[in-house]
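Next come the chains, spelled out residue by residue.
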Amino acid sequence: MVGLSIGEQHFVKGGIAQDLRTDGRKRLTYRPIYVETGVIPQANGSARVRIGGTDVIASVKAEIGRPSSLQPDKGKVAVFIDCSPTAEPTFGGRGGEELSSELALALQRCLLGGKSGAGAGINLSSLLIKEGKVCWDLYIDGLVISSDGNLLDALGAAIKAALTNTAIPKVQVSAEVADDEQPEIDISDEEYQQFDTSSVPVIVTLTKVGAHYIVDATTEEESQMSSAVSISVNRVGHICGLTKRGGCGLDPSVILDMISVAKHVSESLMNKLDSEISAAEACEDES
Amino acid sequence: MASKPGAATSTYSPKIVARTRPPIFKDSDLDWTRPDGRGFHQCRPALLQTGAVSSASGSAYAEFGNTKVIVSVFGPRESKKAMVYSDVGRLNCNVSYTTFASPSAGQGTDHKEYSSMLHKALEGVIMTETFPKTTVDVFALVLESGGSDLPVVISCASLALVDAGIMMYDLITAVSVSCIGKSLMIDPVTEEEGCEDGSFTMTCMPSRYEITQLTITGEWTTPNINEAMQLCLDACSKLGEIMRDCLKQAASASDE
């Protein structure tokens, strides 16, 4: 837990005001990002992402399920986040639960897009096997192993990497069934299909400390924040979701400014992440 | 809870922004009308009343079209013994739906996060340092869900807090905008929310001109965000005036 003295608080704030943060970064510089894929053998896809002291794992499991009656032409995706008390003592009990559900909600918001499916990172229709009968249910689980700020960006990156790593078995459906029966399905052991993850957005969190805002805040810096805005941006530069944290109000023009900065930052983050993911995939294939 | 005589419904539609560019798509998006026959930038009539529940410290009832919401505020009361000492007050928010609020049987699933979203929208405006060691409860009940439920709950909760005499920096107003195809429509109803491509919900303090809470889902381009923000800001300030009028009326009625 961060208990900063008044002197330390001034040091953190003063550094941000002068564009030289405590760890030597500029306001809009990320810490180095490391990606490892295929870390969990039991899952269909998994990835571990480290950004500085923040360490998260995301896993994707796929299960055969039934589409909901409201959306018979779509598969289902559920996002769960677990903030383990091993990462930080404050995550134990209700504090962790609240944070977990907040993170899960924000991730769901930026992965699944609007009600009609516009702007979704995962195309739900691609999870359908037979309309109204069989579909894939994707369970995306995130685990926070160690927390040093900027959890949402790290989890977003981990989920993107895990989805790239995901391989779902090909399924054959017996063609002729009566309307009220479940069709027989045959899950292939050899043939797998991969996801197209190019439309999965990255999340950029801008944390406002004093009069300035920074990306990739550490826990120390987050303790000094007045508010934070998490913006998810996809490859074509469209905004796919936005959440604000922190009670302080923001001027509308500041938010619009943050959105344009986030769009700019997201381009380099997206490229960096893509190269890290492909390097991790290549590394996994070799071993 | 019956309407008091003279409680006129008023609306808070933003002024239509004069477009500098002519719309590129003329026929394809504008050939359909909204389910209740409103214009795209026209809000539903708003009816607001304070003092709906006599046993609460403060309460308010809001009716925006078919969306009917009642919010009661209890406290400040002593925080539970198990809670550690805090020199600022706590806020406890809960949003619930009646079983007959929506046409589908049973409880909807996507309302669980509303409680925390209401909390986040309110925590920034309440002067929590004015009631240390105590808790204020805000309970919202959606009697009928007719779309844009959360913004109505938030606006209604701010009225109820004022009615309870909780110190605040400003009123809180919330408005949402739906994006369907190329068109933006303010204050969507349930049918529109069901088929929207994106939604934009903004909570702001109209007098201080600050945004306290903003959530965006779906895919948005920057010009669309700018337009939606302008629409919401304008509608929020107008809704703020309506709420102020409602409070003034209630105050003058109690003086007599």
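Basis of the calculations
- Residues numbered from 1 in each chain as written.
- Chains lettered and ligands numbered in written order.
- Predicted model: local features only at pLDDT ≥ 70, side-chain atom pairs only at ≥ 80, totals over all residues.
- Heavy atoms only, no water.
- 1 Å grid on protein atoms, 1.4 Å probe; cavity = no way out; pocket = protein on both sides within 12 Å on 5 of 7 lines; lining within 4 Å.
- Points joined across faces, edges and corners; volume = space filled by probe spheres on them.
- Helix = DSSP H or I, 4+ residues; strand = E, 2+ residues; numbered from the N terminus.
- Nonpolar A, V, L, I, M, F, W, Y, C, P; charged D, E, K, R; others polar.
- Contact = heavy atoms within 4.5 Å.
- Buried area = accessible area lost by both parts, 1.4 Å probe.
- Salt bridge = Lys/Arg side-chain N within 4 Å of Asp/Glu carboxyl O.
- Polar contact = N/O pair within 3.5 Å; in protein donor to acceptor, adjacent residues only side chain to side chain.
- Buried < 20%, exposed > 50% of the residue type's maximum accessible area, 1.4 Å probe, protein only.
- Pairing = 2+ DSSP bridges.

Chemist: Sorry if this is basic, but what is going on with empty space enclosed by the protein here?
Modeler: Evaluation of the coordinates by the stated rule reveals five cavities of 30 Å³ or more. Computed from the structure, the largest cavity encloses a volume of approximately 80 Å³. Lining the largest cavity, in full, are A:Thr243, B:Met117, B:Lys120, B:Ala121, B:Leu150, B:Ile154, B:Thr201, B:Thr203, B:Gln213 and B:Thr215. It is helix α1 (residues 112-123) of chain B that provides the largest number of residues to the lining of the largest cavity, a total of three residues. A per-class count over the lining of the largest cavity returns four nonpolar, five polar and one charged. In terms of lining residues, the second largest cavity is bounded by A:Ala106, A:Arg109, A:Cys110, A:Leu152, A:Ile203, A:Ser230, A:Ile231, A:Ser232, A:Gly241, A:Leu242 and A:Thr243. When residues of the lining of the second largest cavity are traced back to their parent elements, those giving at least two are α2 (94-112), β11 (227-233) and β12 (239-245) of chain A. When its residues are assigned to classes, the lining of the second largest cavity shows six nonpolar, four polar and one charged.

Chemist: Mind showing me how you'd approach the interface of chain B and chain A here?
Modeler: Interface size is commonly expressed as the accessible surface area that is lost when the partners come together. Contacts between the two partners involve 29 residues from chain B, matched on the other side by 29 residues from chain A. Considering only the surface of chain B that becomes buried against chain A, B:Ile211, B:Ile216 and B:Glu219 emerge as the three largest contributors, covering 20% of it. At the boundary of chain B and chain A, one finds zero salt bridges. Applying the counting criterion to the chain B and chain A interface returns seven residue pairs in polar contact (both at pLDDT 80 or more). Taken together, the elements giving at least two residues each to the side of chain B that touches chain A come down to α1, α3 (190-194), β9 (210-220) and α4 (222-255) of chain B. Here the side of chain B that touches chain A takes 11 residues from β9(B), the largest share from any one element.

Chemist: Looking at this model, I keep getting lost on the pairing of β9(B). Mind explaining?
Modeler: One face of the sheet, then the other: side chains in a regular strand alternate in exactly this way. Along β9(B), 10 of the 11 residues are buried, which leaves the element largely enclosed by surrounding structure. Bridge analysis of β12(A) against β9(B) gives three bridges, and the strand direction is antiparallel. Bridge pairing in β9(B) links A:Gly241 to B:Thr217. Both strand β8 (residues 198-205) of chain B and β9(B) contribute to a ladder of eight bridges, which runs antiparallel. Looking at β9(B), one finds that B:Thr201 is bridged to B:Thr215. Remark: four residues form the turn of the hairpin made by β8(B) and β9(B), two consecutive strands paired antiparallel; B:Tyr209 in that turn has positive phi of roughly 55°.

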